[in-house]
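Below are the chains, spelled out letter by letter.
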Amino acid sequence: MIGWVFILLAVALVAGSLLMLRDSANMPLSAEKREKIRKRQAELEAEEEQERRDDQ
């Protein structure tokens, strides 16, 4: 009987964690954070392009 309680508790914890993760995935980003992300992405792409040119 105690084994079933532990199994149900584990399933409930996993399900709750997944639901919280799903809810937090839709959090809106501020314009400032979006701009920082865009700048960082552009920097990474520039670095990758430079590495590709150096390898050739």
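Keep in mind it's a predicted model, so treat the numbers as computed, not measured. (Residues numbered from 1 in each chain as written. Predicted model: local features only at pLDDT ≥ 70, side-chain atom pairs only at ≥ 80, totals over all residues. Heavy atoms only, no water.)

Q: What is the right way to read the pattern of salt bridges from this model?
A: Oppositely charged side chains can form a pair if their charged atoms are brought close together. Under the defined criterion, the tally for this structure stands at six salt bridges. The partner of Glu 35 in a salt bridge is Arg 38, with the nearest N and O atoms 3.2 Å apart. Of this pair, Glu 35 and Arg 38 both sit in helix H2 (residues 31-55), three residues apart, which is roughly one turn of the helix. What makes Arg 38 exposed here is its relative accessible area of 51%. A salt bridge links Glu 43 to Arg 40; its shortest N-O distance comes to 3.2 Å. Separated by three residues within a single helix, Glu 43 and Arg 40 lie in helix H2, roughly one turn from each other. Given a relative accessible area of 41%, Glu 43 falls into the partly exposed group. Several salt bridges converge on common partners, so that one network encompasses Glu 48, Glu 49, Arg 52 and Arg 53. (Salt bridge = Lys/Arg side-chain N within 4 Å of Asp/Glu carboxyl O. Helix = DSSP H or I, 4+ residues; strand = E, 2+ residues; numbered from the N terminus. Buried < 20%, exposed > 50% of the residue type's maximum accessible area, 1.4 Å probe, protein only.)

Q: I'm lost on a negative patch on the surface in this one. Help?
A: A contiguous patch of negative charge on the surface is contributed by Glu 47, Glu 51, Asp 54 and Asp 55. As for its placement among the helices and strands, Asp 55 is situated in helix H2. A relative accessible area of 69% places Asp 55 in the exposed class. (Patch = residues over 30% accessible without salt bridge, like charges linked within 9 Å, V, L, I, M, F, W, Y side chains within 5 Å. Areas by Shrake-Rupley, 256 points an atom, 1.4 Å probe, with all protein chains shown as cover. Lys, Arg positive; Asp, Glu negative; His and termini not counted. Charge placed at Lys NZ, Arg CZ, Asp CG, Glu CD.)

By themselves, these are just geometric observations and shouldn't be taken as functional.
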